[in-house]
Amino acid sequence: MLKTSEANYDGLIGPTHNYGGLSEGNLASAKNKGLIAMPREAALQGLAKMKRMHGAGLVQGVLPPQARPDVTQLRLMGFSGSDEQVLKTAWMANPLLVRNMSSASSMWSANAATVSPSADCEDGRLHFTPANLSTMLHRSIESEQTGKALKAAFPDTNKFMVHDALPLQSTYSDEGAANHVRLCDDEGKQGVELFVYGRDAFKHLSTKFPSRQTLQASHIIATHHGLDGTRTVFAKQAAKVIDAGAFHNDVVCVGARQCLFYHEYAFEDRLGTLSAIEKAAKGLFEPQFVEVSNEEVPINDAITAYLFNSMLVQLPGKERLTLIAPTETEDNPYTKAYCDRLISGNGPIGEIIYVDVRQSMRNGGGPACLRLRVVLTPDERVAANQKMLIDEAMFETLSTWVKKHYREQLAPDAVGDPALMRESYAALDELTKILGLGAGFYSFQR
Ligand code: SUG
């Protein structure tokens, strides 16, 4: 019998995947700027992770890439003519703008939206708020299409509520589920939602690097979703970890079920945060805190090896949780030694699986960045768009599609090439049918 469980919706890596160095404060993006990217390999790595999760017994969904370059945006900037003319003239006038309009960044679906399971929401529906991603230009153009993709994946408005993104203004900066953790006894029961913000927009900035999530945005989302205030916690991310390169909370913290796994430096007020979680969970479950000290894993190693950007999952048939970590965590002596100790102990995490998502990692996107968690009751799962779920057959179809359409290599300047635009749009046009997205899903189809 089906039971309520957590599905992962991964962002399918798009054909313009490249290293543009567009994200200030994201150390990998800055370091790898200008490298030759491998879009085909990147997309296949992402699909291999999805297949593995499906094979391990989890519900696995997929969200389509967005159309890039985003010619609609370039038109708003004043460029006109055919799509090719728009791209050519924009590239001549302002290549950096075109680079921003060409990123495949919607692959990091942990930033697609904040999701609250129906068990937590007052109206009993599953709520989504697409993230406005207002801090980074190349990401600030994602939310409208994300909303459409979520509505295509979760069409029944009696069961699902897809809100509009918050206004595109810095007070409301929102980066979605990457700054949100849900803890619970069992996925189907009421849980505790933890919102981690980098700054209070009404106070002075305290970080050198951008803090992309505001307290104000988190408050509004919790209100829109109809969450119970006594079961909701707002915690400030430590300024020093943002400046060390943790541009989202999910670079230093991940949680699942009763377990919160985090670096000791993650929160500005560590003890206050833990006791607020304990208070919010009272009567529901006993939180289990797995804290990693800076002595065991120095913060800089935690960030470069992306230990906490792992998926923490409850695999069917396993007693303890499994950490799906990037291979970079295995390569780093501190994080590898820590992981070995972790699973030999008797805490809530009992197994580690390392996955290769190196192409995405070079842009600062680990296994957890690539997925949006959606808790689905059996009814909700049936109501979801079945064509956007991955099984063996869909994995084969999508792998064949990638091999047919994607370039093997891509230098950042290739995004000014109209041929790449034509290839990408042709690929996405075919994808609309594969995923049952409906005609006119992409603006170039309208
Ligand atoms: O927003 N990188 C993404 C990585 C997002 C990772 N997501 C989570 N941690 N949940 C970002 O910084 C780099 C693109 C470039 O430089 O070409 C980029 O957008």
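What counts and what doesn't
Residues numbered from 1 in each chain as written. Predicted model: local features only at pLDDT ≥ 70, side-chain atom pairs only at ≥ 80, totals over all residues. Heavy atoms only, no water. Helix = DSSP H or I, 4+ residues; strand = E, 2+ residues; numbered from the N terminus. Rg over C-alpha atoms; globule rule 2.2 N^0.38 Å. Buried < 20%, exposed > 50% of the residue type's maximum accessible area, 1.4 Å probe, protein only. Contact = heavy atoms within 4.5 Å. Axes fitted to C-alpha atoms, helices over the stretch in contact; angles between N-to-C directions. Parallel < 35°, antiparallel > 145°, perpendicular 65-115°, else oblique. Nonpolar A, V, L, I, M, F, W, Y, C, P; charged D, E, K, R; others polar. Core = buried A, V, L, I, M, F, W, Y, C linked by side-chain atoms within 4.5 Å.

**Comments concerning the overall build of the protein chain**
Thought 1: The secondary structure content of the protein chain amounts to 16 helices and 15 strands.
Thought 2: For the protein chain, whose C-alpha radius of gyration is 20 Å, the value lies close to the compact-globule estimate of 22 Å for 446 residues.
Thought 3: The dimensions of the protein chain, computed from C-alpha atoms along their principal axes, are 60 × 50 × 40 Å.
Thought 4: Within the protein chain, the proportion of its 446 residues that are buried is 60%.
Thought 5: Across the protein chain, every contact between residues at least 6 apart in sequence was considered, and the portion connecting residues at least 24 apart equals 77%.

**Remarks on the packing of helix α2 (residues 39-55) against helix α15 (residues 392-405)**
Thought 1: Put simply, α2 and α15 touch, their axes get as near as 10 Å, and they point 175° apart. Comparing their axes, α15 and α2 come out roughly antiparallel. Of the residues in α15, those in contact with R40, A43, L44, L47, A48, K51 and H54 of α2 are E392, F395, L398, S399, V402 and K403.
Thought 2: Grouping the constituent residues of the contact of α2 with α15 by class yields 7 nonpolar, 2 polar and 4 charged.

**Let's talk about the nonpolar core**
Thought 1: Y9, F154 and L398 are the most contacted members of the largest nonpolar core, which has 95 residues in total.
Thought 2: For this core, the element with the most residues is helix α16 (residues 418-434), which contributes 7 residues.
Thought 3: V292, L307, A325 and I349 belong to the second-largest nonpolar core, a separate cluster that totals 20 residues.

**Quick notes on the environment of V233**
Thought 1: Inspection of the secondary structure assignment puts V233 in strand β8 (residues 232-236).
Thought 2: When the C-alpha positions of V233 and K336 are compared, they lie 31 Å apart, and in sequence the two are 103 residues distant.
Thought 3: Ignoring sequence-local partners within four residues, the contact set of V233 consists of V192, E193, L194, F195, A276, I277 and A280.

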